[in-house]
Number of protein chains: 2
Amino acid sequence: MTSLNTPDAVRARAAELDAADELAHLRERFVPMDACGTVGGAVLSYLDGNSLGRPLKSAAEALDRIVSEAWGTRLIRSWDEQWMELPLRLGDRLGEVALGAAPGQVVVADSTTVMLYKLLRAGLAAAQAADPARREIVVDTGNFPTDRYVAEGIAAECDAELVWIEADAGTGVTTEQVRDAVGSATAAVVLSHVAYRSAYVADLPAITQVVHEAGGLVLWDLCHSAGVVPVDLDEHEVDLAVGCSYKYLNGGPGAPAFGYVAARHQERMTQPIQGWMGHAEPFVMGPGYQPSPGMRRFISGTPPVLGMVPLGEMVELVADVGLPALTAKATALTEFAIEVTDGLLTRHGVSVDSPRDPAQRGGHVTLGHPAAREVIAALWEQGVIPDFREPDGVRLGMSPASTSFAEVAEGLLLLDAELERAGRG
Amino acid sequence: MTSLNTPDAVRARAAELDAADELAHLRERFVPMDACGTVGGAVLSYLDGNSLGRPLKSAAEALDRIVSEAWGTRLIRSWDEQWMELPLRLGDRLGEVALGAAPGQVVVADSTTVMLYKLLRAGLAAAQAADPARREIVVDTGNFPTDRYVAEGIAAECDAELVWIEADAGTGVTTEQVRDAVGSATAAVVLSHVAYRSAYVADLPAITQVVHEAGGLVLWDLCHSAGVVPVDLDEHEVDLAVGCSYKYLNGGPGAPAFGYVAARHQERMTQPIQGWMGHAEPFVMGPGYQPSPGMRRFISGTPPVLGMVPLGEMVELVADVGLPALTAKATALTEFAIEVTDGLLTRHGVSVDSPRDPAQRGGHVTLGHPAAREVIAALWEQGVIPDFREPDGVRLGMSPASTSFAEVAEGLLLLDAELERAGRG
């Protein structure tokens, strides 16, 4: 393998990889990034698919269809005909193709923050009902802000205590750290499966087991896992999980979250936002809240039907090609980005802030450089779109279904040029 | 005025009213109800606009545009360019054209249930912080189920007590009942402005004043008011309000809710679902939740952008024609429905279960008949779509922007025929 230390070598390798890529054809299924030349320059290289995945062409068609048909023509009847079951049906399908969850355990609703609040409250209450001494919620300092803020809020309102794990920026939370943090007072542990900054993949099976050995529940945040990294929730006996659908699941801006509650826990868990859509008999409209059996009890208000449409399309794409193929492509994309970084970018003082072992790395790569913020601003002007993460991170989020190796190559070559300029600056 | 006791008289009156209707042209702006002949018979008469308003054609176009442009081409940059402010900008516009709320007091986010939970928790906490003796939440037995269930849940978790007002099915909650229910222990009063079953309009100005005199806060549910009945939140010094956008605001199935918090309360109120999008500095991602100043603190997770698109279109329609014109048309539609009922339907034993005084009636009319459930099922088969409400209600929800008098006439004539058939049994 030749070192990728010239633009020609980088482009040649990208061309080879694209030619051999069995998923390359998927790229055509997405809305072109230069579809609308008038609102700004065309995007040359989109490296932020893990913040907001690109829209499938079929998502636009499906939205058009739902407006004219299910909404516009079937009107209110569509609630009976399909929408009442949609959050559970789509949840089942998502569980099957991306989460390793048997039917009846996943629901699509709310935002990730709200779903996290509901499930963590539900888990905490169940843990405390079984043993009032379990007053601790374990979280880590590197978890995504919403997870930390929600846990803080719940601890304050429910008279629980937070136990903080100091996450290493590069390696994330280790099994040993969790083992040290949990004990007879642990109610729940809230961790991200794939770290939003470093892409470090926590050892979900081992950590889940450690938490269970201490008698606690584990709630996994799958925002950066769903659709790109296997999770196998049932196999590893995960208790609770949440995730968003606008990253690798291409659900669109503010698309609804999903929540997972293991079947064995459902009947003893209730969530605090008691709405009519989670009632055992929503249309009787009688006095007194009675939670529905099963996952429906984790729904609160009217589910966001339009927001589920693009997700439904992407879930079928994942089903078509299979999650393993997407995981393999994601690994190849991140490997390539690291190779180019080693060959071309380290001379500018760039560090690789993500794990080098592909088994420990999710679908993105974060590079560190003191000029990250300015360099990214300059790249955005040129149609190369990575993400900035405090304090000095250039986060490259490559969606396996829509990103080509050539796209990564062109983005990193322009990053090289901007780092060169910053270095001279 | 001749009595409307024959089909010919009903149709003739409808034709007159349609000819004189200055809003008749608006009907053309909606997706036709027979746009898709293959998925079922065309709808002849849609009388459920207060459960799910019809889509504007421009909503479909705007969804198409956002997918190809803001999402598909601007991609993640759209968050900076427009979406971060969208929940507040759209809230401001909605407040201006439909709620009588000055800017900075309305946000669009979550489901109605979740928004209600957040604002009631916020209000209860603020009331108790000012005076720990305020432990009561006043609700009424006729309120929409979600409102009652949410209040029950909050009372249980926050050690508050519910004080129930027995709402009369026809007249709803009176000012006197509220006066009797509130006192020095009142924290908050949760009422619907327009009753979901009877369409009775509560005396919002007087009740708000009565609650304030007792030192409590009032939270109005505006689901059946927004876009059809004036509310004037600022003028009447309302404290808190929530509402949905899929009824008279035509936001689509599961469209996001709105929440109103009077500016004078915002800095002392915080809501329990602490998410990154309500943080003072969302992208610093630092430790510790700090609520944003102003209305942003009532946002939790990533706002549902796609779900706001149809609402944005309808809010502009309301702005175009003005709420007073829509209110007047709604009154004319409900008057006409009652006239036809009196002329043609009372002989079947139908009762008018909504107020006859238009000043006390919202945008719908509920008729009572023991065979309501079966009759409605038969009507649905024929493309006439009212709503059934327990135990015996035929609810006629006529959206002033999209419903013609002829449509009401044809629906009620088929209702007449079905009641005739049911009577012959």
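An unreviewed UniProt entry lists chain A under the name Kynureninase, with Kytococcus sedentarius as the source organism. Listed under Cofactor (unreviewed entry) in UniProt, the entry text for chain A is "pyridoxal 5'-phosphate". Database annotation for chain A, UniProt heading Subunit (unreviewed entry): "Homodimer."

Peer 1: What should I look at first to understand the relation of the copies chain B and chain A in this one?
Peer 2: Here the second copy of the chain follows from the first by a rotation about an axis and a shift along it. Least-squares fitting of chain B to chain A yields an RMSD of 0.0 Å, with the superposition described by an axial translation of 0.0 Å and a rotation of 180°. Here the two chains are linked by the operation of a two-fold rotation axis. The residues that chain B uses at the interface reappear at the interface of chain A in 100% of cases, marking a shared surface.

Peer 1: When you look at the packing of aromatic side chains in this model, what are you seeing that I'm missing?
Peer 2: The geometry of an aromatic ring pair comes down to the distance between the two centres and the angle between the two planes. Going through the model one piece at a time under the given rule, you end up with 13 aromatic pairs over all chains. Ring centres of Trp276(B) and Phe283(B) lie 5.5 Å apart, and the angle between their planes is 75°; on these two criteria the pair is classed as edge-to-face. Residue Trp276(B) is classed as buried on the basis of its relative accessible area of 10%. Members of the aromatic cluster, each reached through a chain of ring pairs, are Phe144(A), Tyr196(A), Trp276(B) and Phe283(B).

Peer 1: Quick question: what am I supposed to make of helix H10 (residues 305-321) of chain B here?
Peer 2: Each α-helix winds once per 3.6 residues, and so residues spaced three or four apart point in a common direction. Residues and elements named next belong to chain B. Taking 1.5 Å of rise per residue, the 17 residues of H10 would be expected to cover 24 Å, and the 25 Å separating its terminal C-alpha atoms lies within 8% of that figure. Burial analysis of H10 places 12 of its 17 residues in the buried class, the great majority of the element. Note on H10: the residue one or two positions beyond its end, Gly322, has a positive phi of about 85°.

Peer 1: Explain the pattern of salt bridges to me, please; I cannot follow it from the model alone.
Peer 2: Opposite charge on two side chains lets them pair, provided their charged atoms get close. Using the criterion set out here, one finds 58 salt bridges over all chains in the structure. Measuring nitrogen to oxygen at the nearest pair gives 3.5 Å for the salt bridge that ties Arg29(B) to Asp320(B). Highlighted residues: Arg29(B) in the loop between helix H1 (7-20) and strand S1 (45-46) and Asp320(B) in helix H10, separated in sequence by 291 residues. By relative accessible area, Arg29(B) is classed as partly exposed at 34%. Residue Asp320(B) is classed as exposed on the basis of its relative accessible area, which comes to 55%. In this structure, Arg93(B) and Glu316(B) form a salt bridge, with 2.7 Å as the shortest nitrogen-oxygen distance. Of this pair, Arg93(B) sits in helix H4 (residues 86-99) while Glu316(B) sits in helix H10, and the two are 223 residues apart along the sequence. Judged by its relative accessible area of 32%, Glu316(B) falls in the partly exposed class. The structure contains a network of salt bridges with shared partners spanning Arg121(A), Glu157(A), Arg121(B) and Glu157(B).

Peer 1: Can you help me understand the interface of chain B and chain A in this one?
Peer 2: Often, the extent of an interface is quoted as the loss of accessible area on bringing the components together. The interface of chain B with chain A comprises 79 residues on the first partner and 79 residues on the second. Of the roughly 6700 Å² buried where chain B meets chain A, counting both sides, 68% is carbon and sulfur surface. If you look at where chain B meets chain A, you find 2 salt bridges. Glu157(B) serves as the salt-bridge partner of Arg121(A), at 2.2 Å between the closest nitrogen and oxygen. Our count for the contact surface shared by chain B and chain A stands at 29 residue pairs in polar contact (both at pLDDT 80 or more). Where the side of chain B that touches chain A is concerned, the elements lending two or more residues are helix H2 (57-71), helix H3 (77-83), helix H5 (112-130), helix H6 (145-157) and H10 of chain B. Looking at the side of chain B that touches chain A, the element that brings in the most residues is H6(B), giving 8 residues. Of the residues in the side of chain B that touches chain A, the class split is 42 nonpolar, 23 polar and 14 charged.

Peer 1: What am I meant to see in the domain arrangement of chain A here?
Peer 2: Residues and elements named next belong to chain A. In terms of domain boundaries, chain A breaks down into domain 1 (7-47 + 322-423) and domain 2 (60-320). Together, the buried faces of domain 1 and domain 2 total about 2000 Å²; carbon and sulfur atoms form 56% of this surface. At the boundary of domain 1 and domain 2, one finds 3 salt bridges. Run the count over domain 1 and domain 2 and you get 14 residue pairs in polar contact (both at pLDDT 80 or more). If you list the elements that add at least two residues to the side of domain 1 that touches domain 2, you get helix H11 (323-345), strand S10 (364-368) and strand S13 (393-397).

Peer 1: Just checking my understanding: could you explain the sheet that holds strand S10 (residues 364-368) of chain B for this structure?
Peer 2: Strands in a sheet are paired, the pairing made by backbone hydrogen bonds, and the direction either parallel or antiparallel. Residue and element names in this part refer to chain B. What the 4 strands build is an open sheet, ordered S9-S10-S13-S12; its pairing is antiparallel. Of all strands in the sheet, those with a lone pairing partner are strand S9 (351-352) and strand S12 (387-389), marking the two edges. When S10 meets strand S13 (residues 393-397), the two strands line up antiparallel, connected through 5 bridges. Following the sheet pairing, Gly368 is matched in S13 by Gly393. The sheet strands contacting helix H11 (residues 323-345) are S9, S10 and S13, and the helix crosses S10 at an angle near 20°.

Peer 1: Looking at this model, I keep getting lost on the packing of helix H5 (residues 112-130) of chain A against H5(B). Mind explaining?
Peer 2: The packing of two helices is summarised by the inter-axis angle and the distance between the axes. At their nearest, the axes of H5(A) and H5(B) sit 12 Å apart, and the two run at 70° to each other. Judged by the angle between their axes, H5(A) and H5(B) are roughly perpendicular. Of the residues in H5(B), those touching H5(A) at Val114(A), Tyr117(A) and Arg121(A) are Val114(B), Tyr117(B) and Arg121(B). Its residues assigned to classes, the contact of H5(A) with H5(B) comprises 4 nonpolar, no polar and 2 charged.

Peer 1: Quick question: what am I supposed to make of the nonpolar core here?
Peer 2: Within soluble globular proteins, side chains that are nonpolar generally end up buried alongside one another. Core analysis: the biggest nonpolar cluster contains 300 residues, and Leu99(A), Trp220(A), Leu99(B) and Trp220(B) have the highest contact counts within it. Sequence-distant contacts of Leu99(B), defined by excluding residues within four places in its chain, comprise Leu94(B), Val106(B), Leu222(B), Ala226(B), Val231(B), Asp232(B), Leu233(B) and Phe258(B).

Peer 1: How should the environment of Arg27(A) be read in this particular structure?
Peer 2: Residues and elements named next belong to chain A. In this structure, Arg27 sits in the loop between helix H1 (7-20) and strand S1 (45-46). Distance in space between the C-alpha atoms of Arg27 and Leu56 is 9.2 Å, their sequence separation being 29 residues. The contact partners of Arg27, leaving out residues within four places of it in the chain, are Arg54, Ala401, Ser402, Thr403, Ser404 and Glu407.

Thresholds, definitions, all that
Residues numbered from 1 in each chain as written. Chains lettered and ligands numbered in written order. Predicted model: local features only at pLDDT ≥ 70, side-chain atom pairs only at ≥ 80, totals over all residues. Heavy atoms only, no water. UniProt positions renumbered as here; feature names shortened; annotations may be inferred. Least-squares fit on C-alpha atoms with pLDDT ≥ 70 in both. Contact = heavy atoms within 4.5 Å. Phe/Tyr/Trp six-rings, centres within 6.5 Å; stacked < 30°, edge-to-face > 60°. Buried < 20%, exposed > 50% of the residue type's maximum accessible area, 1.4 Å probe, protein only. Helix = DSSP H or I, 4+ residues; strand = E, 2+ residues; numbered from the N terminus. Expected span 1.5 Å × (residues − 1). Salt bridge = Lys/Arg side-chain N within 4 Å of Asp/Glu carboxyl O. Buried area = accessible area lost by both parts, 1.4 Å probe. Polar contact = N/O pair within 3.5 Å; in protein donor to acceptor, adjacent residues only side chain to side chain. Nonpolar A, V, L, I, M, F, W, Y, C, P; charged D, E, K, R; others polar. Domains from an automatic or database assignment. Pairing = 2+ DSSP bridges. Axes fitted to C-alpha atoms, helices over the stretch in contact; angles between N-to-C directions. Parallel < 35°, antiparallel > 145°, perpendicular 65-115°, else oblique. Core = buried A, V, L, I, M, F, W, Y, C linked by side-chain atoms within 4.5 Å.

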